[in-house]
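Listed below, chain by chain, are the residues.
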Amino acid sequence: MPSKSYRVSPVPMTLFAHLLFIAITTLMLVWLLHFREGLDFTSTNKPKIFNIHPLLMVIGFLLLAGEAIMAYTTVPTSSKKHKLYHMILHFIALVAAVIGLYAVFKYHKESGIPHMYTFHSWIGLSTIILFALQWLLSFLTFLFPGARTSTRSRVAPWHALIGIIIFLLAIVAAETGLVQKFIFLGLTRNQEGLILNFTALLILLFGISVGVAVLLPGRGY
């Protein structure tokens, strides 16, 4: 077991990740509500439609996906409940991602902007598709009553590995999205620019802390 090798408790890193969750959420809300005029699916002020995209992709998708990954170290309960908590959080993250994706497509269409023309959009859409496939296959393997125990044992290591890879892709998508927005807005060393840069930095630290938190303890499926 990894925990016997490293002999370090994952609790401090998990708590650090939770604090980063709160900090990132706070910075995102300050940015979108104070500097970017708020959120509105039906507004004639089109950037308000766009603002729903980073809100749901960062807070609803990325951060919740990270929390779902850490479910086995965060919640002291049975293995069966761990799986359920893990899958529910991931499902909420998937729903948030789909709505966030719809918001940005709606914004592009109503603003006359081409779809899918940046690396950020390519990596972002690919991440969501892979995430959805991973969730569906995981449900059929680990929660569906007819799944065999031997099958679960064989799939579990691959499930964990692919899950971490998809999470890292989500980190890349978030970072490239924030950098892209920073450039499009022409930001410099002003308050809004600092908020975006610090948000990107904290997202990177969140990704690292989630990875370390799940590496330290042993995990069961």
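Everything numeric in this text was worked out from a predicted model, so none of it was measured.

Q: Would you explain helix α7 (residues 149–184) in this entry?
A: Owing to its 3.6 residues per turn, the α-helix brings residues three or four apart onto one side. Spanning 36 residues, α7 covers 51 Å between terminal C-alpha atoms, matching the ideal 52 Å at 1.5 Å per step. The largest bend in α7 amounts to roughly 40° and is located at V155, with the proline P157 lying one to four residues further along. Count one or two residues on from α7 and you reach G186, which has phi positive near 65°.

Q: How should I be thinking about the packing of aromatic side chains in this particular structure?
A: Ring pairs (aromatic) are described by centroid distance and by the angle formed between their planes. For the coordinates displayed, the defined rule picks out 6 aromatic pairs. Centroid distance F50 to Y107: 5.3 Å. Interplanar angle 55°. Geometry classified as tilted. Here F50 is found in helix α3 (residues 46–69), whereas its partner Y107 is found in helix α5 (residues 79–111), with 57 residues between them in sequence. Residue Y107 is classed as buried on the basis of its relative accessible area, which comes to 14%. Both rings, one in F91 and one in W135, keep their centres 5.3 Å apart while their planes meet at 45°; by these two values the pair is tilted. One end of the pair, F91, is in helix α5; the other, W135, is in helix α6 (residues 119–143), and 44 residues separate them in sequence. For F91, a relative accessible area of 41% puts it in the partly exposed group. Grouping aromatic residues by their ring pairs yields a cluster made of F91, W135 and F139. For the cation-ring pair, K181 lies above F50, with the distance from its terminal atom to the ring centre recorded as 4.0 Å.

Q: Looking at this structure, how should I read the confidence of the model for the chain?
A: Low pLDDT marks stretches whose predicted atomic positions should not be read closely. When pLDDT is averaged along the chain, the result is 91; 93% of the residues meet or exceed 70. When the elements of the chain are averaged for pLDDT, helix α1 (residues 2–6) gives the smallest value, 52, and α3 the largest, 97.

Q: How do you make sense of the pattern of salt bridges when you look at a structure like this?
A: Where charged atoms of side chains with opposite charge meet at close range, the side chains can pair. Under the definition given, this model contains 3 salt bridges. The shortest N-O distance in the salt bridge between K106 and E110 comes to 2.4 Å. Of this pair, K106 and E110 both sit in helix α5, 4 residues apart, roughly one helical turn. The buried category is assigned to K106, whose relative accessible area is 17%. On the accessibility criterion, E110 (36% relative accessible area) is partly exposed.

Q: Help me understand the packing of α5 against α6 in this model?
A: Angle between the axes and distance between the axes: these two values describe a pair of packed helices. Between α5 and α6, the shortest axis-to-axis distance is 10 Å and the interhelical angle comes to 150°. Regarding the angle of α5 to α6, the classification is roughly antiparallel. Once α5 is placed against α6, the crossing between them reads as left-handed. Where α5 abuts α6, its residues K83, M87, H90, F91, A93, L94, A97 and L101 lie against L125, I128, F131, A132, W135, S138, F139, F142 and L143. Residues belonging to the contact of α5 with α6 are distributed by class as follows: 14 nonpolar, 2 polar and 1 charged.

Q: Just checking my understanding: could you explain the nonpolar core for this structure?
A: Nonpolar side chains tend to gather and get buried jointly when the protein is soluble and globular. Ranked by size, the top nonpolar core spans 48 residues in total, and within it I24, F167, I203 and F206 carry the most contacts. When residues of this core are traced back to their parent elements, those giving at least two are α2 (11–35), α3, α5, α6, α7 and α8 (191–215).

Thresholds applied
- Residues numbered from 1 in each chain as written.
- Predicted model: local features only at pLDDT ≥ 70, side-chain atom pairs only at ≥ 80, totals over all residues.
- Heavy atoms only, no water.
- Helix = DSSP H or I, 4+ residues; strand = E, 2+ residues; numbered from the N terminus.
- Expected span 1.5 Å × (residues − 1).
- Bend = angle between axes of the 7 residues up to and from the residue.
- Phe/Tyr/Trp six-rings, centres within 6.5 Å; stacked < 30°, edge-to-face > 60°.
- Buried < 20%, exposed > 50% of the residue type's maximum accessible area, 1.4 Å probe, protein only.
- Lys NZ or Arg CZ within 6 Å of the ring centre and 35° of its normal.
- pLDDT = per-residue confidence, 0-100.
- Salt bridge = Lys/Arg side-chain N within 4 Å of Asp/Glu carboxyl O.
- Axes fitted to C-alpha atoms, helices over the stretch in contact; angles between N-to-C directions.
- Parallel < 35°, antiparallel > 145°, perpendicular 65-115°, else oblique.
- Left-handed = near helix turned anticlockwise from the far one by under 90°.
- Contact = heavy atoms within 4.5 Å.
- Nonpolar A, V, L, I, M, F, W, Y, C, P; charged D, E, K, R; others polar.
- Core = buried A, V, L, I, M, F, W, Y, C linked by side-chain atoms within 4.5 Å.

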